[in-house]
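Listed below are the residues making up each chain.
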Amino acid sequence: MPITRRQSLQCAAGLLMLGTKPFARSARANAPSGSLSLFAGQIDLHGHGDGPGRSATFFDPRGLAMDPRNGDIIVADAANALIRRVTQLGDVTTVAGGAEQRVSKDGQAFEARFVGPDAVVVAPDGSVVIADSYANTIRLLKGNTVSTLAGQAGRPGYADGHGTAAQFNHPVGIALDPQTGDLLVADAYNSTLRRITAEGKVSTMAGQPGLNGHRDGPIQRALFNTPVGIAVAPNGTIYVSEFFNQDVRKITMQGEVSTLAGNPAQRGDADGKGAAALFRKPQQLCVDAAGNVILADGGNHKVRRITPDGSVTTLAGRGQLDKVELGPLPGALITPYGVAQGPQGSILVSSGNAILRIVRDA
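Calculation criteria
Residues numbered from 1 in each chain as written. Predicted model: local features only at pLDDT ≥ 70, side-chain atom pairs only at ≥ 80, totals over all residues. Heavy atoms only, no water. Helix = DSSP H or I, 4+ residues; strand = E, 2+ residues; numbered from the N terminus. Rg over C-alpha atoms; globule rule 2.2 N^0.38 Å. Buried < 20%, exposed > 50% of the residue type's maximum accessible area, 1.4 Å probe, protein only. Contact = heavy atoms within 4.5 Å. Areas by Shrake-Rupley, 256 points an atom, 1.4 Å probe, with all protein chains shown as cover. Salt bridge = Lys/Arg side-chain N within 4 Å of Asp/Glu carboxyl O. Pairing = 2+ DSSP bridges. 1 Å grid on protein atoms, 1.4 Å probe; cavity = no way out; pocket = protein on both sides within 12 Å on 5 of 7 lines; lining within 4 Å. Points joined across faces, edges and corners; volume = space filled by probe spheres on them. Nonpolar A, V, L, I, M, F, W, Y, C, P; charged D, E, K, R; others polar. Core = buried A, V, L, I, M, F, W, Y, C linked by side-chain atoms within 4.5 Å.

I'm lost on the overall build of the protein in this one. Help?
Secondary structure assignment for the protein yields one helix and 29 strands. At 18 Å, the protein has a C-alpha radius of gyration in line with the 21 Å of a compact globule built from 362 residues. The principal-axis extent of the C-alpha atoms belonging to the protein is close to 50 × 50 × 40 Å. Looking at the 362 residues of the protein, the share that counts as buried comes to 60%. Put simply, of all contacts in the protein between residues at least 6 apart along the chain, 48% involve residues at least 24 apart. Carbon and sulfur atoms make up 51% of the accessible area of the protein, which amounts to about 13600 Å² in all.

Following this line, the structure appears as structure tokens:
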């Protein structure tokens, strides 16, 4: 992976998020009805303080995931190198790691260390799987213990195999396959999708390492370009967001890959259906309770909703400001990164140094 490519991805979702110039083309959909509010953290202040939502602080929070047991939100607090928990009331606690001590170390939760956690997913038993992207590993927080599930810390590369014999190159998005219980990984700089079984066996399910491209069709022939988000619908359909292809791909249970929305030949900012919709440097995604894909469209400073038939609308963000504006939708976002289902049907998004809540009117 050339250094210019690595720098491009990291700068776009880096530890210091800079404002951007307005884009020439913007979405013209009707403004959504609802509100954008602060759920936890302080938008313009970074830190690692626990406590009630608006007094707590984060430092570049990224991936979000709901704990299916109680509705709490688990946060990959990237620059702090911490894993945090936010209750439905917004109360924040730290569950693993040491603040800004960016090394890779397994052990008891508060003795363990992370390099740069980017995404999380929570298993039905409450175990948290973490993509420690900047360490090139997949970590597991089970009970009070952190272990390395797969990958070799500090050694980016590509290799299938069991556990730490496998290698990744900046793994980002992770998801649990409800049909098999396997873990799915968007291995960004290898441009592949990987699968990890419960026994720790890592295999490549789609894409070809070192070959960046865009090709739909049978999964064995499909090509990807820097996949960064992955989510699985209850029916087993897999959705993948691609940073450099500027699109969202769909993989059916039968193994057919198609482009759900976006155009790899054109980046931009437009609502619409299929290839008529345009994205700019999309980040992570999730599937909401209605089966829609929710996408953090980082380069456009928006959160978008994609229906199962590929129709794209803007949920939040005006796309032309370098600050967060709370209040009536669409509001304004700064480089949204992680998204997750939130309390009472809301959508949570990491933006700035905070977690924001999007509520649509019925």
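What's the story with the pattern of salt bridges in this structure? I'm lost.
Where charged atoms from two side chains of opposite charge approach closely, those side chains can pair. Applying the stated criterion across every chain yields a total of 22 salt bridges. Arg-194 serves as the salt-bridge partner of Asp-160, at 2.9 Å between the closest nitrogen and oxygen. Of this pair, Asp-160 sits in the loop between strand E10 (145–151) and strand E11 (161–162) while Arg-194 sits in strand E14 (residues 192–196), and the two are 34 residues apart along the sequence. Taking the relative accessible area as the measure of exposure, Asp-160 reaches 35% and is therefore partly exposed. Put simply, Arg-249 and Glu-242 hold a salt bridge, and the shortest N to O gap is 2.8 Å. Assessed through its relative accessible area of 0%, Arg-249 is described here as buried. Look at the salt bridges and you will find they share partners, linking Asp-269, Asp-271, Asp-297, Lys-302 and Arg-304 into a network.

Before we go on, may I ask you to explain the sheet that holds strand E28 (residues 347–351) in this structure?
Picture the strands of a sheet paired through backbone hydrogen bonds; they go either parallel or antiparallel. Reading across the sheet, the five strands line up as E26-E1-E29-E28-E27 and stay open at both edges, with antiparallel pairing between neighbours. Each having just a single partner strand, strand E26 (327–328) and strand E27 (339–341) make up the two edges of the open sheet. With three bridges joining them, E27 and E28 adopt antiparallel strand pairing. Paired with Gln-341 across the bridge in E28 is Ile-347.

Would you mind showing me how to read the pairing of strand E12 (residues 171–176) here?
Both faces of the sheet carry side chains from a regular strand, because those side chains alternate between them. Counted residue by residue, E12 has five buried out of six residues, so it is predominantly covered. Where E12 and strand E13 (residues 183–187) come together, four bridges link them in antiparallel fashion. Considered in E13, the bridge of Pro-171 is made with Asp-187. Taking the residues between adjacent antiparallel strands as the criterion, E12 and E13 are bridged by six residues, where Gly-181 takes a positive phi near 80°.

Honestly, the layout of surface pockets in this entry has me stumped. Any pointers?
In this approach the atoms are scanned with a rolling probe the size of a water molecule, which exposes any empty space left behind. By volume, the largest pocket is sized at about 720 Å³. Of all the secondary structure elements, the ones that give two or more residues to the lining of the largest pocket are strand E2 (61–66), strand E7 (117–122), E12, strand E17 (227–232), strand E22 (285–287) and E27. In terms of residue class, the lining of the largest pocket is built from 24 nonpolar, six polar and two charged.

Even after reading the chapter, I still don't get the pairing of strand E4 (residues 82–86), so can you show me in this structure?
Counting buried positions along E4 gives five out of five residues, so the element sits mostly inside the fold. Alignment of strand E3 (residues 73–77) against E4, held across five bridges, turns out to be antiparallel. Looking across to E4, one finds that Ala-76 is bridged to Ile-83. Between E3 and E4, which follow one another and run antiparallel, lie four residues, and Ala-81 among them has a positive phi close to 60°. One ladder, built from five bridges, connects E4 with strand E5 (residues 92–97); its direction is antiparallel. Directly across from Val-86, in E5, lies its bridge partner Val-92. If you look at the hairpin formed by E4 and E5, you'll find five residues sitting between the two strands, and Gly-90 has a positive phi there, around 95°.

Just to check I follow, could you spell out the nonpolar core for this structure?
Looking at soluble globular proteins, one finds that nonpolar side chains tend to be buried together. Residues Ile-294, Val-303, Leu-333, Val-339, Val-349, Leu-356 and Ile-358 are the most contacted members of the largest nonpolar core, which totals 19 residues. At the level of secondary structure, the elements contributing two or more residues to this core comprise strand E1 (34–41), strand E23 (293–297), strand E25 (311–316), E28 and strand E29 (354–360). Contacts of Leu-356, omitting those with residues within four sequence positions, involve Leu-36, Ser-37, Leu-38, Phe-39, Ile-43, Val-324, Leu-326, Leu-333, Ile-347, Leu-348, Val-349 and Ser-351. Ala-65, Ala-81, Ile-83 and Val-122 belong to the second largest nonpolar core, which has 16 residues in total.

Sorry if this is basic, but what is going on with unusual backbone geometry here?
Negative phi values dominate among residues other than glycine, just as trans dominates among peptide bonds. Of note, the amide linkage connecting Leu-329 to Pro-330 takes the cis form, showing an omega dihedral of 15°. One can find Pro-330 in the loop between E26 and E27. One non-glycine residue, His-301, adopts positive backbone phi at about 60°. Inspection of the secondary structure puts His-301 in the loop between E23 and strand E24 (302–306). When its relative accessible area of 3% is taken as the criterion, His-301 is described as buried.

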